[in-house]
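Secondary and tertiary structure notes
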Amino acid sequence: MAANMYRVGDYVYFENSSSNPLLIRRIEELNKTANGNVEAKVVCFYRRRDISSTLIALADKHARELEEEMENPEMADLPEKQKHQLRHRELFLSRQLESLPATHIRGKCCVTLLNETEALKSYLDREDAFFYSLVYDPQQKTLLADKGEIRVGNKYQADITDLLKEDEDDGRDLEKLEEKIWDPSSSLTEKQIDQFLVVARSVGTFARALDCSSSVRQPSLHMSAAAASRDITLFHAMDTLHATGYDMTRAIAALVPQGGPVLCRDEMEEWSASEANLFEEALEKYGKDFTDIQQDFLPWKSLTSIIEYYYMWKTTDRYVQQKRLKAAEAESKLKQVYIPNYNKPNPNQLSNNVKPALVNGAAGAGIPGPPGSVPTPGLGRACESCYTSSSYQWYSWGPPNMQCRLCASCWTYWKKYGGLKMPTRLDGERPGPNRSNMSPHGLPLRHSGSPKFAVKTRQAFYLQTTGLTRMARRLCHDIIRPRYLARHPYLPVNTAAIKAECALRSPDRPTKPLPLKPVERKPLESVVRYLEAHPRPIKPDPPIRGGSISTGSLTPIKSTPILNNGSPTILGKRTYEQHNGLDGTKSKALTPQWDIMAKRVSESGRPSASLQDEVHELD
């Protein structure tokens, strides 16, 4: 009964999605709606997976600085698995409030400010225990240190001197350490002091009547007299009386100097009505976090002014009225609510009654599980977190096309802590599951692999297969069926069966590596001498376009055949000089072969048989 009773101030799990991890919230209010349902006004906490990678790096830097300040080498001694799980226990507080149905509560948890004296490993030893040290702003996307830490040390506390012994002189100059501001054993009586204070209030009221800004803020005589009776006026009067040696005549003259009466105003008078409304609004949102109040609401006010105004504001009727109003609202609100256990089946729950289909290559072979477990034939994929193949209940996890699943224990861990028990190679990438560091053929990858489930990266990548994988593709070609898998890319492949079959079919490897065929390379000097003895032939200049061309300048087509430059047709390709614009004099309309033919045809007096022979040779 008590476990299902939720009160204001409890840290609870909320479920907003059947597949995503539970939300962690703190109940601030419990309100009953018009239709009879109960809504919880909660403070939001965020996990590491909910913030950007830039802020995660900032949080890691803050954690390292905290370790150095605490001089605690505990994190360095923790195994990698515990470090991985400890990141799931870290939360980030926010000022964001939201309302959620109370029926979505799925249990209680414990969230505490990171204690410098407590070991981090203690959070792993406790169920549903979380910690936070930074405050996350979802709108500004910033992380700030929480103000709730206790500052201990010489920087914040005074050093207490040793107790003086009897008849021991104090070597300090007491006049420099303290200043006397009031003498209770003066010659004035209590009645005379009260009369002087009445005169000081009267001077303060008159001074406000002469001041234009004060006349606007206190338009009536009653309000001016009330403002003149505040502590700031009485403190000034008593300081003046002490400074004049408790001489009434001199003290009254000091209240009204040559320029006019002295006006003393405190923060209550200095602040305008709009500034007071802003302060009350900020106090409702941030509480007594005066730094955030100054930063977000009153940046033109000093921190000292805001704190002084707060303690003066608490003495006003406005504060008393708001306190009574809040007390009345609290009486009308719910103090606690009973939420029964949620027993409906999860949509991600896999049915154990359905016979699983045989995966590719699983015929007659079982999937090996962890040491000590009984192998179950034909169960397909193991748990993505702990790699077990036996569980009383399985849950679908990750993208549907990947057919990933978690066992019951890892599913509970995923829902509560927002991660997998074991660190994986895609642990830092979101969204998507954290896949194991295995290739489709059960072989380890040399890098992070395909970023299928992560945000598309700008860097190029490639998948490099090992020699054993390439050999398995050839030896187990009948089991793998690459053509069939190419048309069905999302079918699972039984890598364990293929690997075992490949080990049986593969021939014995030689004990010694095969010798490489030696390659004889000529020295550089002989290559240089050969190039000097066989220089590149000089290319003839292209013919000049325009004007008449004599027959003598043309080379007979039979003696020098036209090169095709590797083209499968007679037209050929453009030369390097034409492609790069080096011989701009050559015509772009005709290729070299047809250019020569046109010139031959244009010549008169050539026998037709010779022309036919030339055309036939071109063909």
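Quantities reported herein were computed from a predicted structural model and do not represent experimental measurements.

1. Observations concerning the overall build of the chain
- Along its length, the chain carries 24 helices and 12 strands.
- Classification of the 619 residues of the chain by burial places 31% in the buried group.
- Working note: accessible area of the chain is about 41900 Å², and carbon and sulfur atoms make up 55% of it.

2. Quick word on the side chain of threonine 244
- Mapped onto the secondary structure, threonine 244 falls in the loop between α9 (231-243) and α10 (248-255).
- A polar side-chain atom of threonine 244 sits 3.1 Å from the main-chain carbonyl oxygen of leucine 241.
- Leaving out residues up to four positions away in the same chain, threonine 244 has contacts with Arg250 and Ala251.

3. A look at the nonpolar core
- With 15 residues, the main nonpolar core has Ile24, Phe45, Leu91, Cys109, Val111 and Phe130 as its most contacted residues.
- Sorting the residues of this core by element identifies β2 (11-14), β4 (38-46), β5 (90-101), β6 (105-113), β7 (129-137) and α16 (408-417) as the ones contributing at least two each.
- The element that contributes the greatest number of residues to this core is β7, accounting for 3 residues.
- Excluding residues that lie within four positions of it along the chain, leucine 91 makes contacts with Ile24, Phe45, Tyr46, Arg47, Val111, Phe130, Phe131, Tyr132 and Ser133.
- Ranked by size, the runner-up nonpolar core spans 14 residues in total, among them Trp271, Leu283, Phe297 and Trp313.

4. Section: a nonpolar patch on the surface
- On the surface, a nonpolar cluster with roughly 500 Å² of combined accessible area is contributed by Leu524, Val527, Val528, Tyr530 and Leu531.
- Within the secondary structure layout, tyrosine 530 lies in helix α21 (residues 524-533).
- According to the relative accessible area criterion, tyrosine 530 is exposed, its value standing at 51%.

5. Focus on the sheet that holds strand β12 (residues 404-407)
- Taken together, 3 strands build an open sheet; the order of strands is β10-β11-β12 and the sheet is antiparallel. Since the sheet does not close on itself, it has two edges, and those belong to β10 (349-350) and β12, each with one partner.
- Across 4 bridges, the pairing between strand β11 (residues 394-397) and β12 is antiparallel. Bridge assignment links tryptophan 394 to a residue of β12, and that residue is cysteine 407.

6. Some words on the pairing of β11
- In the sheet, β10 pairs with β11 via 2 bridges, with the strands oriented antiparallel. Looking at the pairing, glutamine 349 lines up with tyrosine 395 of β11.
- Two successive antiparallel strands, β11 and β12, enclose a turn made up of 6 residues, where glycine 398 displays a positive phi of approximately 90 degrees.

7. A word on the pairing of strand β3 (residues 23-32)
- Bridge analysis of β2 against β3 gives 4 bridges, and the strand direction is antiparallel. Bridge pairing links phenylalanine 14 to leucine 23 in β3.
- Where β3 and β4 come together, 8 bridges link them in antiparallel fashion. Each residue of the ladder has a partner; that of isoleucine 24, found in β4, is phenylalanine 45.
- Once β3 ends, the chain turns through 5 residues before running back antiparallel as β4, passing glycine 36 with a positive phi of about 95 degrees.

8. A short note on unusual backbone geometry
- With a phi close to 60 degrees, aspartate 128 is a non-glycine residue in the positive phi region.
- With respect to the helices, strands and loops of the structure, aspartate 128 is situated in the loop between α4 (121-125) and β7.
- A relative accessible area of 16% means that aspartate 128 is categorised as buried.
- The phi torsion at tyrosine 387 lies on the positive side, around 65 degrees, for a residue other than glycine.
- As for its placement among the helices and strands, tyrosine 387 is situated in the loop between β10 and β11.
- The exposure class of tyrosine 387 is partly exposed, given its relative accessible area of 37%.

9. Let's talk about the packing of α9 against α10
- In contact at an axis separation of 9 Å, α9 and α10 are set at 135 degrees when each is read in the N-to-C sense. Taken together, the axis directions place α9 and α10 in an arrangement best described as oblique. Where α9 crosses over α10, the two elements pack in a sense that is right-handed. Contacts between α9 and α10 involve His236, Thr240 and Leu241 from the former and Met248, Ala251, Ala254 and Leu255 from the latter.
- In terms of residue class, the contact of α9 with α10 is made up of 5 nonpolar, 2 polar and no charged.

10. Structural notes on the packing of aromatic side chains
- This structure, assessed with the given rule, holds 20 aromatic pairs.
- When the ring of tyrosine 286 is compared with that of phenylalanine 297, the centres are 6.0 Å apart and the planes differ by 80 degrees; the resulting orientation is edge-to-face. With tyrosine 286 in helix α12 (residues 273-286) and phenylalanine 297 in the loop between α13 (290-296) and α14 (303-313), the pair connects residues that are 11 residues apart, well separated along the chain. Comparing tyrosine 286 with phenylalanine 297 shows no difference in burial state: the two are buried.
- Ring geometry for tryptophan 313 against tyrosine 319: centres 5.2 Å apart, planes inclined by 70 degrees, an arrangement best described as edge-to-face.
- An aromatic cluster is built from Trp271, Phe279, Phe290, Tyr309, Tyr310, Tyr311, Trp313 and Tyr319, whose rings are joined through pairwise contacts.
- Note that lysine 108 overlies the ring of tyrosine 6, its terminal NZ or CZ placed 5.6 Å from the centroid.
- A cation over a ring is seen here: arginine 126 above tyrosine 123, with NZ or CZ 5.1 Å from the ring centre.

11. Some remarks on the confidence of the model for the chain
- Averaged over every residue, the pLDDT of the chain is 75; the share at 70 or more is 71%.
- Across the chain, the element-wise mean pLDDT spans from 44 in helix α24 (residues 608-618) up to 95 in β2.
- Below pLDDT 50 for its whole length, residues 354-379 participates in 33 contacts with residues either more than four positions away or in separate chains.
- Contacts from residues 579-594, a stretch scored under 50 in pLDDT, to residues over four places away or in other chains number 19 contacts.

Reading the values: the criteria
Residues numbered from 1 in each chain as written. Predicted model: local features only at pLDDT ≥ 70, side-chain atom pairs only at ≥ 80, totals over all residues. Heavy atoms only, no water. Helix = DSSP H or I, 4+ residues; strand = E, 2+ residues; numbered from the N terminus. Buried < 20%, exposed > 50% of the residue type's maximum accessible area, 1.4 Å probe, protein only. Areas by Shrake-Rupley, 256 points an atom, 1.4 Å probe, with all protein chains shown as cover. Polar contact = N/O pair within 3.5 Å; in protein donor to acceptor, adjacent residues only side chain to side chain. Contact = heavy atoms within 4.5 Å. Core = buried A, V, L, I, M, F, W, Y, C linked by side-chain atoms within 4.5 Å. Patch = residues over 30% accessible without salt bridge, like charges linked within 9 Å, V, L, I, M, F, W, Y side chains within 5 Å. Salt bridge = Lys/Arg side-chain N within 4 Å of Asp/Glu carboxyl O. Pairing = 2+ DSSP bridges. Axes fitted to C-alpha atoms, helices over the stretch in contact; angles between N-to-C directions. Parallel < 35°, antiparallel > 145°, perpendicular 65-115°, else oblique. Left-handed = near helix turned anticlockwise from the far one by under 90°. Nonpolar A, V, L, I, M, F, W, Y, C, P; charged D, E, K, R; others polar. Phe/Tyr/Trp six-rings, centres within 6.5 Å; stacked < 30°, edge-to-face > 60°. Lys NZ or Arg CZ within 6 Å of the ring centre and 35° of its normal. pLDDT = per-residue confidence, 0-100.

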